[in-house]
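# Summary of the model geometry
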Amino acid sequence: MEPVLTLASFASALPMGPQAYEENVARRAQAAVGDAVRVRRALVRTLRSDLPGTARLPGAVLRGTVPGSRRAAGRWLYRGAAVVHRMGLSMPPAPVPEVVTVHDTVAWRYPDEAAPEPYAAEETRRAEAVIAVSQFSADDIAERFGLDRVHVVHNGVDAQYFDVAPAAPADLAAAGVRGRYVLHAGGATARKNLEGLADAWPSVRAAVPDVRLVMCGPPAARRDRLFGALDGVVRLGRVPDGVLPGLMAAADAVVVPSLHEGFGLPALEAMACGVPVVAADRAALPEVCGGAAWLVEPDGPGLADGLVHVLEGGAGVADRVAAGRDRAATFTWEASAAGHARVWRSLLGHAVPG
């Protein structure tokens, strides 16, 4: 009988970057690891959740508030598995060899992010392998948790971004978006540095009066406070996943001013669309963008200079856009799944051909 590889994750009502990672890797896992292994999902939700999944666990178990409950839950949840890949730290530990994905350390750095998982250091040290989505995150995670080695497996970009049609002007107008615009897509926590973008925007608007700033993401008081009184800003709220690619492709630029990103998927998606990217020269963004984006200081003057240069069609814009398309094409979910499969096989040992 073939060994079982269990991929464990938590069902989310508001899927973000980590959930995109989980779904894209899981969808390709069987093809990547081969027929000698049986891949199984463990998609966990709480007792009262109405989300789809394969198992339910009490919230106290996931939070580890009952002594020994996490280990007991792992023995039940992963029964029959030869190797378990916990794709999020909230999943209970496994009694068999396991891989753990850690996207970043923002929970330990920023108080307005999700609370840190209390068992992260202990459980990552006990895992046979830890995966991070960038070299920046791997180094950061290794230092934070005292790990000797963290495997780097980059995220991918969905193929639809390479050939998506820009949103039609009539559809944009119906959403209150008219003319040229810069797009910011993402959250509004402190690390997203909306303060820097708010400082930059009046200067951008003064230099390029016909441009607007279009912002999409979950409702947030910080975004409303910073941008509510600024001229030329359109706040769309959270947009459906199927709408975002066309909205991005129709933009004149995408801005990613974050102080800390474990990867920075919106920058890569914009590059795939052929849209210029202005990004903070911080964290994983230089690694992901390479030389294909305008990497700037993430303060008002730095962000404003980069955006004005791009919007006015300054020197090198067309070349970097072309380089961005080429670079984005190297970040595929198939390559990501293959990188994961190499780690899985190393734990499965001789049971699986290489």
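Residues numbered from 1 in each chain as written. Predicted model: local features only at pLDDT ≥ 70, side-chain atom pairs only at ≥ 80, totals over all residues. Heavy atoms only, no water.

Under an unreviewed UniProt entry, the name given to the protein chain is Glycosyltransferase involved in cell wall biosynthesis, and the organism recorded is Isoptericola halotolerans.

### Some points on helix H1 (residues 17-33)
Heads up, the rule is: Secondary structure counts use DSSP, requiring at least four H or I residues in a row for a helix and at least two E residues in a row for a strand, with both numbered from the N terminus. Expected helix span is given by 1.5 Å per residue-to-residue step, counting one fewer step than there are residues. Take the seven residues that end at a residue and the seven that start at it, fit an axis to each, and the angle between those axes is the bend at that residue. Three exposure classes are used, based on accessible area relative to the maximum for each residue type with a 1.4 Å probe and protein chains only: buried under 20%, partly exposed in between, and exposed over 50%. Between two residues, a contact is recorded if the distance between any of their heavy atoms is within 4.5 Å.
The end-to-end C-alpha distance of H1 is 23 Å, a good match for the 24 Å that 17 residues give at a rise of 1.5 Å each. Considering bend angle alone, the principal kink of H1 is centred on Arg27 and spans about 35°. All buried positions along H1 are accounted for by Gln19, Tyr21, Glu22, Asn24, Val25, Ala26, Arg28, Ala29, Ala32 and Val33. In the core, the buried residues of H1 are packed alongside strand S1 (4-10), strand S2 (38-45), strand S4 (83-86), strand S5 (98-101) and helix H16 (333-348).

### Re the UniProt feature "domain: Glycosyltransferase subfamily 4-like N-terminal" (unreviewed entry) in the protein chain
Defined as follows: UniProt positions are given in the numbering used here, feature names are shortened, and annotations may be inferred rather than shown by experiment.
According to UniProt, the feature "domain: Glycosyltransferase subfamily 4-like N-terminal" (unreviewed entry) maps to residues 94-160 in the numbering used here. Across residues 94-160 one finds 34% helix and 15% strand; the C-alpha atoms that close the span lie 36 Å apart.

### Observations concerning the pairing of strand S10 (residues 233-237)
Put simply, the rule is: Strands qualify as paired when DSSP identifies two bridges or more between them. The path from the first strand over the helix to the second decides the hand: if it runs clockwise while the strands point away from the viewer, the crossover is right-handed.
As paired elements, strand S9 (residues 212-216) and S10 share four bridges and run parallel to each other. Residue pairing in the sheet places Val214 in a bridge with Val234 of S10. The handedness of the S9 to S10 crossover, carried by helix H10 (residues 221-227), is right-handed.

### Quick look at helix H6 (residues 135-145)
Side chains that are three or four residues apart share a direction in an α-helix, a result of its 3.6 residues per turn. Of the positions making up H6, those classed as buried are Ser137, Ala138, Asp140, Ile141, Ala142 and Phe145. For H6, the elements touching its buried residues are helix H4 (106-109), helix H5 (120-126), strand S6 (129-132) and strand S7 (151-152). One or two positions beyond H6, positive phi appears at Gly146, with a value near 70°.

### Here we look at the pattern of salt bridges
Once the charged atoms of two side chains with opposite charge are near each other, the side chains can pair. In plain terms, the rule: A pair is scored as a salt bridge if a Lys or Arg side-chain nitrogen falls within 4 Å of a carboxyl oxygen belonging to Asp or Glu.
Taken as a whole and assessed by the stated rule, the structure comprises 18 salt bridges. The residue Arg191 makes a salt bridge to Glu113 at a minimum N-O spacing of 2.8 Å. Taken together, the positions of Arg191 in the loop between strand S8 (181-185) and helix H9 (194-207) and Glu113 in the loop between H4 and H5 put the pair 78 residues apart, joining distant regions of the chain. Its relative accessible area of 19% is what places Glu113 among the buried residues. Across the salt bridge formed by Glu122 and Arg126, the nearest N and O atoms sit 3.1 Å from each other. With a gap of four residues between them, Glu122 and Arg126 both fall in helix H5, about one helical turn apart. On the basis of relative accessible area, Glu122 is assigned to the partly exposed category, the value being 37%. Among the ionic contacts, a cluster of salt bridges with common partners joins Arg70, Arg86, Glu98 and Glu123.

### What about the packing of helix H12 (residues 265-273) against helix H15 (residues 317-328)?
Put simply, the rule reads: Each axis is a line fitted through C-alpha atoms, and for a helix only the stretch in contact is used; angles between axes span 0 to 180 degrees, taken between their N-to-C directions. Any angle that falls under 35 degrees is termed roughly parallel, while one over 145 is termed roughly antiparallel, one within 65 to 115 roughly perpendicular, and all others oblique. Each crossing gets its handedness from the near helix: less than a right angle anticlockwise from the far helix is left-handed, clockwise is right-handed. Polar here means any residue other than Ala, Val, Leu, Ile, Met, Phe, Trp, Tyr, Cys and Pro, which are nonpolar, and Asp, Glu, Lys and Arg, which are charged; Gly is therefore polar.
Direction vectors running N to C along H12 and H15 enclose 115°, while the axes themselves pass 7 Å from each other. Comparing their axes, H15 and H12 come out roughly perpendicular. Relative to H15, the crossing made by H12 is left-handed. Between H12 and H15, the contacting residues are Leu268, Met271, Ala272 and Cys273 on the first element and Gly324, Arg325, Arg327 and Ala328 on the second. When its residues are assigned to classes, the contact of H12 with H15 shows five nonpolar, one polar and two charged.

### Focus: the layout of surface pockets
To find the voids left in a structure, one rolls a probe of water-molecule size over its atoms. Definition in use: Using a 1 Å grid laid over the protein atoms alone, points where a 1.4 Å probe fits but cannot get out form a cavity; open sets with protein on both sides within 12 Å along at least 5 of 7 lines form a pocket; any residue with an atom within 4 Å of a point counts as lining. Grid points are joined across faces, edges and corners, and a volume is the space filled by probe spheres set on the points.
There is about 170 Å³ of room inside the second largest pocket. Looking at the second largest pocket, the residues that line it are Ala167, Ala168, Asp171, Leu172, Ala175, Val177, Leu236, Val239, Gly242, Val243, Gly246 and Leu247. Counting residues per element, the ones that place at least two in the lining of the second largest pocket are helix H8 (169-174) and helix H11 (244-249). When its residues are assigned to classes, the lining of the second largest pocket shows nine nonpolar, two polar and one charged.

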